[in-house]
Amino acid sequence: MTDVEEVKVVVAHDERATLRVGDVFLKIDADQTRTDVEVEAMALAPVPTPQVLWRRPPVLALAAVPGTALGILGEPSPASSAAWAAAGAVARMLHDAPLPPWPGRRLDELAARLDSECEWLVTNGVLPADVVARNRQVAEAALRPWKPVFVHGDLQITHVFVDGDTVTGVIDWSEAAQGDALYDLAVLTLGHEERLDDVVVGYGTDVDLDVIRGWWSWRSLVAARWLVGHGFDPSLPGGEFDVLRARM
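Just so it is clear, the model here is predicted, and its values are computed rather than measured. (Residues numbered from 1 in each chain as written. Predicted model: local features only at pLDDT ≥ 70, side-chain atom pairs only at ≥ 80, totals over all residues. Heavy atoms only, no water.)

Draft legend 1. Up close: the packing of helix H2 (residues 81-95) against helix H6 (residues 196-203). Relative orientation of the contacting elements H2 and H6 amounts to 50°, with a least axis distance of 6 Å. Classified by the angle their axes make, H2 and H6 are oblique. The way H2 lies across H6 gives a crossing that is right-handed. Contacts between H2 and H6 pair Ser81, Trp84, Ala85, Gly88, Ala89, Ala91, Arg92 and His95 from the former with Asp198, Val199, Gly202 and Tyr203 from the latter. (Axes fitted to C-alpha atoms, helices over the stretch in contact; angles between N-to-C directions. Helix = DSSP H or I, 4+ residues; strand = E, 2+ residues; numbered from the N terminus. Parallel < 35°, antiparallel > 145°, perpendicular 65-115°, else oblique. Left-handed = near helix turned anticlockwise from the far one by under 90°. Contact = heavy atoms within 4.5 Å.)

Draft legend 2. The nonpolar core, seen in detail. The biggest cluster of nonpolar side chains holds 65 residues, and the ones touching the most others in it are Leu70, Trp173, Leu188, Trp215 and Trp218. With eight residues, helix H7 (residues 209-229) is the single largest residue contributor to this core. Ignoring any residue separated from it by four or fewer positions in sequence, one finds Leu188 in contact with Leu70, Trp84, Ala87, Leu155, Ile157, Val160 and Val199. In this structure, Val24, Leu26, Val59 and Ala61 belong to the second largest nonpolar core, which totals five residues. (Core = buried A, V, L, I, M, F, W, Y, C linked by side-chain atoms within 4.5 Å. Buried < 20%, exposed > 50% of the residue type's maximum accessible area, 1.4 Å probe, protein only.)

Draft legend 3. A look at the sheet that holds strand E8 (residues 160-163). Pairing is antiparallel in the open sheet, where three strands are placed in the order E6-E8-E9. The outermost strands of the open sheet, each flanked by one partner alone, are strand E6 (68-69) and strand E9 (166-170). Each of E8 and E9 is contacted by H2, which is oriented at about 50° to E9, the strand it contacts most. (Pairing = 2+ DSSP bridges.)

Draft legend 4. Structural view of the pairing of strand E4 (residues 52-56). Sheet topology places E4 next to strand E5 (residues 59-63); four bridges connect them, and they run antiparallel. The residue bridging Arg56 from the neighbouring strand is Val59, located in E5. Between E4 and E5, which pair antiparallel one after the other, the connecting turn spans two residues.

Draft legend 5. The sheet that holds strand E1 (residues 7-12), seen in detail. One open sheet accounts for five strands, arranged E1-E2-E3-E5-E4; its pairing is antiparallel. Each edge of the open sheet carries a strand with a single partner, namely E1 and E4. Shown here is a sheet whose adjacent strand axes are inclined to one another by a mean of 20°, direction ignored.

Note that all results are geometric; they support no functional claim without further evidence.
Take a look at the structure:
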């Protein structure tokens, strides 16, 4: 690392920051329990993950994974249909693995969060009340009992790296836990609904599309306040607010 020409800020807000220094990512987290989860989840997951180089709290050093991300929210994905199918296959591999020893969020917690975030969106005029109401209705389909599996918890396309048609790594495991398999698939295809068929082909089993749509709405509704509060804009083209408007 002595010959590094630049330090790149990948993401930074008041909870955590990630820096890229050459081929090393330095993750600095205010809450070390998230880092504990990330390290243990990567050790347990039967899918490609970054190599842990060292950990000196509050810093975790990870080796860069090869390849490029499937895409980013709001822009067309450059990845092939086969690459998206490979991402679905990796998700299935993870979901078929033994459960991690820590629990995930309870159904009542998810429902309560949906209630509070919808109220905030309407009270503060962030979104029209009819858009919130419609998506809250759609989100109810996801809030049903499920068989828990090992989920990544934040399987967005920027966290899945591919080289050609092969998945080379899945990053950012701090939200891994026991959870609903269809939540991972929904987050993976959020804003890229046209890729869901490819993901399902790779996943290898039928999925309940109403539940997937429900998680799209749930995720977009509950993420808005956090995004706004941490300097991100959910109203950008193709972002969370467009996902919500698409349900109208």
